[in-house]
Structure formats: C-alpha cells, structure tokens
Amino acid sequence: QVQMVESGGGVVQPGRSLTLSCTVSGINFHYYAMHWVRQAPGKGLEWLAVISHDGGDKKYRDSVKGRFTISRDNSKNTVSLQMPGLRSEDTATYFCVVSTGAFQPFDYWGQGILVAVSS
Amino acid sequence: DVQMTQSPSTLSASVGDRVTITCRASQTVHTWLAWYQQKPGKAPRLLIHDASSLESGVPSRFSGSGSGTEFTLTITSLQPDDFAVYYCHQYNSFFWTFGQGTKVEMK
C-alpha cells in the first residue's frame with residue numbers, strides 16, 4: 001500500500017520561506033517521477049513542478065520558475081519543495097504526487113499540506 | 001499550454017440520476033486524459049485513465065469516453081457517495097493541466 005506523508009507546511013508572513021517534504025513508502029520510489037500540485041482555497045488543481053526519477057530533470061510552471069526548487073533524496077524516499085519569498089497568492093494546499101511513467105496519470109497523492117501566507 | 005474546459009461548473013442531481021460531465025481540450029491530447037473525484041479536505045482520487053480505463057476498485061457506474069479534444073465522464077446511477085467535485089486532467093504534454101472542476105451537488 002502506497003503511503004505519502006507531507007510535512008513542513010504552516011502559516012508564514014509574506015517574503016518568508018518554507019520547505020515542504022514528502023516521504024513515500026510502498027513503492028520503488030527511485031523508479032518514479034514526482035510532482036507537486038497545489039490547490040488554493042475553494043479553487044481547482046494547479047500543477048507546479050516535476051522531478052525525474054533520478055533528479056536529473058526538473059520542470060516548473062512559469063509562475064514558480066526561478067522561485068521554487070524541487071529536489072529529491074532517493075536514499076530517504078523523499079521529495080522536497082523549497083519555497084522562498086512566499087506571496088499571498090501561494091496560499092494553498094500542496095500535494096505531492098507520484099506518476100508511474102511517461103504518459104501516465106497522477107496515480108498516488110499525498111494527503112495535502114496547508115501553506116498560508118499572511119501578515 | 002493545453003487548456004482544459006469542463007462543463008458544467010455545477011450540476012444539481014438526485015440519487016439515481018444519470019450524470020454526464022464534459023471536458024474539452026484546446027488541442028488534441030489523444031487519449032491521455034484522466035478523471036479524478038475530490039471530496040472536501042481530501043486528495044483527488046483517480047477514477048479513470050487513458051480516457052476510458054476504469055481504475056481498480058472504482059464502481060462500474062463510472063465510465064469515460066472520448067479522444068482528441070472532447071471527453072465525457074458519465075455516472076449511470078448517481079449514489080450518495082458520488083456527490084463531490086470532478087476534475088479532468090491531460091497528461092499528453094508538459095505541462096500537465098486540469099479542468100476547473102465540476103461540482104456535483106444534491107438537487
């Protein structure tokens with residue numbers, strides 16, 4: 001059974017930083033690409049970033065490119081999202097997601113963790 | 001970027017009704033299209049992948065169809081557990097995009 005546990009969220013002031021982590025068990029973590037998806041309160045789903053199985057390839061949506069950094073540690077089955085310079089519009093629930101291959105849907109989702117940016 | 005547009009945004013229905021949700025892509029995604037169900041405070045749940053393949057454990061009252069740019073999700077006989085928000089999702093091309101969601105609410 002796949003388990004994905006996110007951590008690192010909370011309430012922060014604008015301009016401050018947070019790092020989200022997601023620890024995965026129940027699958028061969030090092031085989032799969034990992035994504036982060038967020039959902040603003042009452043809104044839809046927004047894909048943010050992806051990292052390849054070996055960490056060698058990373059992609060971001062434009063609104064977070066150059067600001068957020070995705071990384072992974074295959075020895076710890078963990079994927080992270082560094083978020084410096086947070087803005088009010090970054091307030092959302094953040095989900096880590098497994099995609100089991102190219103041209104594959106988002107098979108497994110973490111439970112989500114809330115990031116609230118407010119002064 | 002591939003834009004995904006769902007209709008309707010909200011759908012009022014009763015238990016036992018047949019429900020259809022449409023998803024339109026701004027360019028072809030072939031059959032690289034998934035449907036998710038989301039309940040309040042929960043992560044999305046994958047229902048259908050590759051436009052029409054039902055995930056293991058998903059009730060057979062759910063079905064998907066379509067290819068190219070037009071897709072539908074059908075629930076043949078709505079059950080109390082089905083009141084939720086449904087999203088389509090294309091995974092044909094970077095970057096991955098979702099429809100805006102369709103809320104199925106009780107009439």
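Keep in mind it's a predicted model, so treat the numbers as computed, not measured. Counting from 1, residues in each chain are numbered in the order their sequence is written. Each chain gets a letter, beginning with A, and each ligand a number, beginning with 1, in the order they are written. Totals for whole chains, interfaces and linings use all residues, but because this is a predicted model, local features are given only for residues with pLDDT of at least 70 and pairs of side-chain atoms are given and counted only at 80 or more. To get the side-chain values, take all heavy atoms of the structure and skip hydrogens and water.

Draft legend 1. Representation of the sheet that holds strand S7 (residues 69-73) of chain A in the model. Residues and elements named next belong to chain A. Ordered in space as S1-S3-S8-S7, the four strands form an open sheet in which the pairing is antiparallel. Every other strand in the sheet has two partners, leaving strand S1 (3-7) and S7 as the edge strands with one partner each. The mean angle between the axes of side-by-side strands here comes to 15°, regardless of whether they run parallel or antiparallel. The criterion for strand pairing is that DSSP finds at least two bridges linking the strands in question. Helix numbering and strand numbering both begin at the N terminus, where a helix is a DSSP run of H or I of at least 4 residues and a strand a DSSP run of E of at least 2. Both S7 and strand S8 (residues 78-83) contribute to a ladder of five bridges, which runs antiparallel. The residue of S8 that forms the bridge with isoleucine 70 is leucine 81. Convention adopted: a line fitted to C-alpha atoms gives each axis, helices being fitted over their contacting stretch, and angles between N-to-C directions are expressed from 0 to 180 degrees.

Draft legend 2. Structural detail: the pairing of S1 of chain A. Residues and elements named next belong to chain A. Relative accessibility under 20% of the residue-type maximum defines a buried residue, over 50% an exposed one, and the middle range a partly exposed one, all with a 1.4 Å probe and only protein chains included. Of the two faces of S1, only the one carrying Met4 and Glu6 is buried; Gln3, Val5 and Ser7 on the other face are not. Here five bridges tie S1 to strand S3 (residues 18-25), and the two strands are oriented antiparallel to one another. When the bridges of S3 are listed, methionine 4 appears paired with valine 24.

Draft legend 3. Examining the sheet that holds strand S8 (residues 70-75) of chain B more closely. Residues and elements named next belong to chain B. Read across the open sheet, the four strands follow the order S1-S3-S8-S7; overall the sheet is antiparallel. Only two strands of the sheet have a single partner each, and these edge strands are strand S1 (4-7) and strand S7 (62-67). Here the strands of the sheet are splayed against their neighbours by 15° on average, with no regard to which way each runs. Strand direction decides the pairing type here: strand S3 (residues 19-25) and S8, joined by six bridges, are antiparallel. Looking at the pairing, threonine 20 lines up with threonine 74 of S8.

Draft legend 4. Structural detail: the nonpolar core. To qualify as a nonpolar core, a set must consist of buried Ala, Val, Leu, Ile, Met, Phe, Trp, Tyr and Cys residues joined through side-chain atoms within 4.5 Å. With 29 residues, the main nonpolar core has Trp36, Val79, Leu81, Met83 and Tyr94 of chain A as its most contacted residues. Sorting the residues of this core by element identifies S3, strand S4 (33-39), strand S5 (45-51), S8, strand S9 (92-99) and strand S11 (113-117) of chain A as the ones contributing at least two each. Of all hydrophobic cores here, the second largest spans 25 residues; its members include Leu11, Leu33, Ile75 and Phe83 of chain B.

Draft legend 5. Geometry of the interface of chain A and chain B. With 20 residues of chain A at the contact, the number on the chain B side is 18 residues. The three residues of chain A that bury the most area against chain B are Leu45, Phe103 and Pro105 of chain A, which together make up 37% of that side's buried surface. One side-chain nitrogen of Lys or Arg within 4 Å of one carboxyl oxygen of Asp or Glu is enough to make a salt bridge. Viewed at the interface, chain B and chain A are joined by zero salt bridges. Counting of polar contacts relies on pairs of N or O atoms within 3.5 Å, with two restrictions inside protein: one atom must be capable of donating a hydrogen and the other of accepting it, and residues adjacent in sequence are counted only when both atoms are side-chain atoms. Our count for the chain A to chain B interface comes out at three residue pairs in polar contact (both at pLDDT 80 or more). When residues of the side of chain A that touches chain B are traced back to their parent elements, those giving at least two are S4, S5 and strand S6 (58-60) of chain A. When residues of the side of chain A that touches chain B are assigned to their parent elements, the largest contribution, four residues, is made by S5 of chain A. By the convention adopted, Pro, Cys, Tyr, Trp, Phe, Met, Ile, Leu, Val and Ala count as nonpolar, Lys, Arg, Asp and Glu as charged, and the other residues, Gly among them, as polar. Its residues placed into classes, the side of chain A that touches chain B shows ten nonpolar, five polar and five charged. Whether two residues are in contact is decided by their heavy atoms, any of which lying within 4.5 Å being enough. Buried area counts how much accessible surface, traced with a 1.4 Å probe, disappears from two parts once they are put together, with both parts' losses summed.

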